[in-house]
Amino acid sequence: MDLLHSASQVSTVRFICPNPSLTCMRRRFFPVRSSLPFPNQKAKYHRELEAAVDIVQRACRLCVDVKSSLFSAGGRILEKNDQTPVTVADFGVQALVSLGNVLDPIDGTKGFLKGNEALYVVGLAFIVEGEIVLGVMGCPNWQEDVPCKSNAEDKGSETILSSSGIIMVAHVGCGTWMKRLAVMMGRSAKLPEYWTRCLVDKCQLVHKARFCIPESQTWASMPLSASLNERNDASSTGDREILLLSTCCGSLCKYLMVASGKASVFILRVRSQTLVKAWDHAVGIICVHEAGGKVTDWRGSELDFAADQVERRIIFPSGGVLVTNGNIHSQIMDMISSVSTIN
C-alpha cells in the first residue's frame, strides 16, 4: 500500500458529538454500487483513496472495539490500569495510519468518554504540493438515513436504511459521497453497500441558515451577532435571528454537517496566539468543496496548507474560518467585514 508517499499528508482522528436528534434533510441522492463512487479513470489518486477508505474503516472498527471495552453495560467507564482511553485509541489508530507523518489521534476526549451517545470522526486527508486532493471521514455513531437499493436488479426500488455510522469520501473533481460504514453493519452482514452523492443545502438567505460554532465560543463573540440573534428552535426563528445548531466536540463534525446538508454554515473565530492545526480542517475542506460549498478565512482567502514549510501542521487563517454552502458566503463575508477588524 503506497498511500501518502512522495507528498505531504494530513491525517486525523476526531471525536465529536453533534445533536443526534437532528433529522436528515431530504437531498438529491444518486446511489452507486462500487468500491469507489466514481470510475477510477476519473480519479487520479484512486489507489490512494481506496487505501484511505480501508484505513479509515479499520480505524473506526478499532475505535469502536476499544470504546466498547472501556464501558460497562451501564455506560460507565471501566477502570484501566494506566491504559487511558486516549492512549489505547491513539496508539492503535496511529499504527493503522503509520504512513502519514502528521497525526493527532484524538480530539474531543470528553465526548469520547460520554459513552455510547458520543459521536466521533476518523479523518484522513492527502495533500500534494499544498492542495488537498482527497479526504475520507468515518463516523461510527453518526445517525444518518442512507438510501440503498434493496435489489441491484430492481431498478427504481430504494430503501432508506437507518444507519448508525457513515463514511464520507471526496476526491478533487469527483464530488463528495457517503455510504454506510461497512464495519458497523456487522461482521457477517450481506447487505449491499451503495454510495450516495452529498450536496450542501440550497439556503440563500443568511437568516434562514443553520449555523454551527465551536463549543468553546459563543454567538456573542461572532461578528454576525451585531445584527442577528441566535435561536435553538427552528420553528421560532424570525427575520433577525438564525438557527444555532447544538453540537459539541471538534471541528470535523461541523464540516461533515455542512457537506451533508445538515448545516449551512460553520464559523470559527481564531484568537491571537491560537495555533490552528491543519488536521482540524483538511479533510473537512475537501468534503465541503466537492459537495458544492466554500471554505475561506475571514478575509476571503483560501486556507494555505503549504504555509508551514517546516512540518505543514499549522495554518494561518486571518480572523477565523468560514465554511458555507457557497450561496451565502459573500453575504456573510460582507457582514463580517462591516463590523470586525481582521488581523
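None of these values were measured; they are calculated from a predicted model.

S.K.: I tried to follow the packing of aromatic side chains on my own but got confused; where do I start?
M.R.: Here a ring pair, both rings aromatic, is described through the centre-centre distance and the interplanar angle of the planes. Applying the stated rule across the entire model yields three aromatic pairs. For the ring pair Phe211 and Trp219, a centre distance of 5.4 Å and an interplane angle of 75° mean the geometry is edge-to-face. For Phe211, a relative accessible area of 0% translates into the label buried. Owing to a relative accessible area of 4%, Trp219 belongs among the buried residues under this scheme. Measuring from centroid to centroid gives 5.7 Å for Tyr255 and Phe266, while their planes differ by 80°, and the two rings are edge-to-face. Of this pair, Tyr255 sits in helix H4 (residues 252–259) while Phe266 sits in strand E12 (residues 265–269), and the two are 11 residues apart along the sequence.

S.K.: Whenever I open this one, the pattern of salt bridges confuses me. Can you help?
M.R.: The tally for this structure, following the rule as stated, stands at four salt bridges. Residue Asp54 pairs with Arg58 through a salt bridge whose shortest N-O separation is 2.9 Å. Of this pair, Asp54 and Arg58 both sit in helix H1 (residues 46–70), four residues apart, which is roughly one turn of the helix. Overall, Asp54 belongs to the partly exposed group, its relative accessible area being 27%. With a closest N to O distance of 2.6 Å, Asp201 and Arg210 form a salt bridge. Look at Arg210 and you get buried, because its relative accessible area is 13%.

S.K.: Hey, could you run me through the pairing of strand E10 (residues 241–244) in this one?
M.R.: With burial as the criterion, each face of E10 is covered, one bearing Glu241 and Leu243 and the other bearing Ile242 and Leu244. Relative to E10, strand E8 (residues 210–212) runs parallel, the two being bridged by two bridges. Along E10, the bridge assignment pairs Phe211 with Leu244. With three bridges joining them, strand E9 (residues 229–231) and E10 adopt parallel strand pairing. Looking at the pairing, Arg231 lines up with Leu243 of E10.

Each value, and the rule that gives it
Residues numbered from 1 in each chain as written. Predicted model: local features only at pLDDT ≥ 70, side-chain atom pairs only at ≥ 80, totals over all residues. Heavy atoms only, no water. Phe/Tyr/Trp six-rings, centres within 6.5 Å; stacked < 30°, edge-to-face > 60°. Buried < 20%, exposed > 50% of the residue type's maximum accessible area, 1.4 Å probe, protein only. Helix = DSSP H or I, 4+ residues; strand = E, 2+ residues; numbered from the N terminus. Salt bridge = Lys/Arg side-chain N within 4 Å of Asp/Glu carboxyl O. Pairing = 2+ DSSP bridges.

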